[in-house]
Amino acid sequence: MATFKITGFAESTVRAYFDLFTVDGAEINDEIDAAIDTLVQAYDPKRSAITVHEAEAADIVAALTALSNGEDEAYERERAKAADRRDPECMNATRHAARGLSTLSCNIVKRFGAACYT
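What this report covers is the structure whose coordinates are included nearby.

Rules behind the numbers
Residues numbered from 1 in each chain as written. Predicted model: local features only at pLDDT ≥ 70, side-chain atom pairs only at ≥ 80, totals over all residues. Heavy atoms only, no water. Helix = DSSP H or I, 4+ residues; strand = E, 2+ residues; numbered from the N terminus. Rg over C-alpha atoms; globule rule 2.2 N^0.38 Å. Buried < 20%, exposed > 50% of the residue type's maximum accessible area, 1.4 Å probe, protein only. Contact = heavy atoms within 4.5 Å. Areas by Shrake-Rupley, 256 points an atom, 1.4 Å probe, with all protein chains shown as cover. Lys, Arg positive; Asp, Glu negative; His and termini not counted. Charge placed at Lys NZ, Arg CZ, Asp CG, Glu CD. Axes fitted to C-alpha atoms, helices over the stretch in contact; angles between N-to-C directions. Parallel < 35°, antiparallel > 145°, perpendicular 65-115°, else oblique. Nonpolar A, V, L, I, M, F, W, Y, C, P; charged D, E, K, R; others polar. Pairing = 2+ DSSP bridges.

### Topic: the overall build of the protein
- Within the protein, the secondary structure is distributed over 4 helices and 3 strands.
- In the protein, the succession of α and β elements from N to C terminus is β-α-α-β-β-α-α.
- Over its C-alpha trace the protein gives a radius of gyration of 15 Å, about what one expects of a compact globule, namely 13 Å for 118 residues.
- Based on the C-alpha atoms only, the size of the protein along its principal axes is roughly 45 × 30 × 30 Å.
- In the protein, which comprises 118 residues, the proportion classed as buried is 40%.
- Here the analysis covers contacts within the protein between residues at least 6 apart in sequence; of these, 69% occur between residues at least 24 apart.
- With an accessible surface of roughly 6,800 Å², the protein has 48% of that area assigned to carbon and sulfur atoms.
- Counting 13 positive and 20 negative side-chain charges, the protein places the averaged centre of each group 8 Å from the other.

Right under this line is the structure:
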């Protein structure tokens with residue numbers, strides 16, 4: 001078991017899904033939803049941290065990767081707009097969120113290694 005701090009835009013993304021799954025009771029429809037549910041169950045909003053058990057590492061890395069990819073896609077959608085219609089704050093937030101989620105995923109892989117790929 002290991003605990004990882006999560007802050008900034010990456011935490012905002014995880015917190016949104018935490019609220020969606022634990023407060024609003026979103027339905028789990030596929031493997032990615034199940035992985036995100038595992039992530040939000042590991043998230044402690046009071047400590048701004050994720051506690052990862054080795055058995056859950058692969059699901060949490062998959063969830064973080066999916067969320068990071070989603071933030072990248074949001075950035076690209078905004079970037080594709082005409083320059084005078086882009087929202088620079090949205091672009092900044094999504095880019096930083098993607099980087100933070102990716103970095104957290106890499107840190108978990110460094111800690112748990114092969115367990116993240118089972």
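### Considerations on the packing of helix α1 (residues 8–23) against helix α2 (residues 31–42)
- Closest axis-to-axis distance for the α1/α2 pair is 9 Å, and the angle between their directions is 105°. Here α1 lies roughly perpendicular to α2, going by the angle between them. Along the contact surface, α1 presents Val 14, Tyr 17, Phe 18, Phe 21 and Thr 22, while α2 presents Asp 33, Ile 36, Asp 37, Leu 39, Val 40 and Gln 41.
- Of the residues that constitute the contact of α1 with α2, the class distribution is 7 nonpolar, 2 polar and 2 charged.

### Concerning the sheet that holds strand β3 (residues 49–52)
- Read from one edge to the other, the open sheet built from 3 strands follows the order β1-β3-β2, with strand pairing classed as antiparallel. Each edge of the open sheet carries a strand with a single partner, namely β1 (2–5) and β2 (43–44).
- By the bridge criterion, 4 bridges tie β1 to β3 in an arrangement that is antiparallel. The residue bridging Ala 2 from the neighbouring strand is Val 52, located in β3.

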